[in-house]
Amino acid sequence: MHLVVVHGILDQTMTQLTHSHADPAPTLKAAAPVAVVALVSALCIVVAMIILDGADKIRSIIGIGIGAFLVLLVPLTHRSQNCSEDSVRIYAKLGLPNAISISRGSVLALLCGLLLVRDPNSLGWAPAIVYTVAIVADYFDGFTARRTGRTTVLGATLDVEYDSFGVLQASVFAVRLGVAGEWFLLVGLARYLFIVGM
């Protein structure tokens with residue numbers, strides 16, 4: 001329900017921002033991804049304020065801010081990919097599937113905030129629950145894209161980037177919790193090391 005409301009607001013904003021007489025070929029403006037990240041990150045901060053106490057609240061808010069910035073970089077630097085694979089015409093609107101993907105990335109920003117908590121063992125199941133929400137959203141963004149016929153190159157890029165970001169954070173959590181040795185960080189860094197090595 002909330003995603004439908006957010007989608008409606010984003011579509012209305014995008015329509016107003018992208019229909020200009022000077023620009024016959026609409027392009028995805030920065031407002032929609034920023035709005036999605038801002039909204040979900042604000043909700044993540046509220047969650048952090050509820051489940052954390054003391055100095056961990058400040059650390060977590062800083063981590064969420066860093067995570068939200070990293071999440072926002074992807075759609076902003078790949079706006080020209082908001083088109084189908086067989087078309088070069090860029091969609092003017094973000095679309096519900098991409099909004100779900102960006103929301104999923106923003107949920108991972110909460111995970112980034114939880115990484116900075118002094119004692120990750122004090123969080124209980126919170127990191128696992130947050131990661132599970134991101135995984136479920138990963139299913140729904142692809143399902144929605146296929147169901148609505150709105151698969152985009154941007155959606156595929158968001159999927160890969162946010163999957164990599166989530167795996168990196170999960171591997172850091174595993175090491176911080178003492179479940180795996182420090183070598184396990186290589187699992188989270190594998191894609192990034194591959195890109196650097198290319």
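In this text, all values refer to a predicted model and were calculated from it rather than measured experimentally. Chains are numbered independently. Their residues run from 1 in the order of the written sequence. At least 70 in pLDDT is required for a residue's local features to be given in this predicted model, at least 80 for side-chain atom pairs to be given and counted, and no such filter applies to totals for whole chains, interfaces and linings, which use all residues. Water and hydrogen atoms play no part in the side-chain values, which are based on all heavy atoms of the structure.

Visitor: Looking at this model, I keep getting lost on the nonpolar core. Mind explaining?
Guide: Side chains that are nonpolar tend, in soluble globular proteins, to be buried together. Formed by 33 residues in total, the largest nonpolar core has its most connected members in L94, I102, L110, L114, L123 and Y162. Counting from the N terminus, the helices are DSSP H or I runs at least four residues long and the strands are E runs at least two residues long. Elements that contribute at least two residues to this core include exactly α2 (31-51), α3 (55-77), α4 (96-115), α5 (126-148) and α6 (153-176). The criterion used for residue contact is that any of the two residues' heavy atoms lie within 4.5 Å. Apart from residues lying up to four places away in sequence, L114 is in contact with I51, L52, S60, L123, A126, P127, V130 and F173. The set of buried Ala, Val, Leu, Ile, Met, Phe, Trp, Tyr and Cys residues whose side-chain atoms join them within 4.5 Å is what this entry labels a nonpolar core. When a residue's accessible area, from a 1.4 Å probe over protein chains only, is under 20% of the maximum for its type it is buried; when over 50% it is exposed; and in between it is partly exposed.

Visitor: Sorry if this is basic, but what is going on with the confidence of the model for the protein chain here?
Guide: Do not read the predicted coordinates in detail wherever pLDDT is low. Each residue carries a pLDDT score, the predictor's own confidence in it, on a scale running from 0 to 100. Averaged over all residues, the pLDDT of the protein chain equals 81, while 84% of them reach at least 70. Per-element mean pLDDT across the protein chain ranges from 45 in helix α1 (residues 2-18) up to 93 in α6. Taken as a whole, residues 13-26 scores under 50 in pLDDT and shows 20 contacts with residues more than four places along the chain or in a different chain.

Visitor: Mind showing me how you'd approach the pattern of salt bridges here?
Guide: Each salt bridge in this description consists of a side-chain nitrogen of Lys or Arg and a carboxyl oxygen of Asp or Glu lying within 4 Å of one another. In this structure the tally under the stated criterion is seven salt bridges. Between R104 and D141 there is a salt bridge whose closest N-O contact spans 3.7 Å. With R104 in helix α4 and D141 in helix α5, this residue pair connects regions lying 37 residues apart in the sequence. In terms of burial, R104 and D141 fall into one category: buried. For R104, the salt bridge identified is with D163, shortest N-O distance 2.8 Å.

Visitor: Quick question: what am I supposed to make of the side chain of T144 here?
Guide: Take T144: it is sitting in helix α5. The exposure class assigned to T144 is buried, which follows from its relative accessible area of 12%. Aside from chain neighbours lying at most four places away, what touches T144 is L96, P97 and I100.

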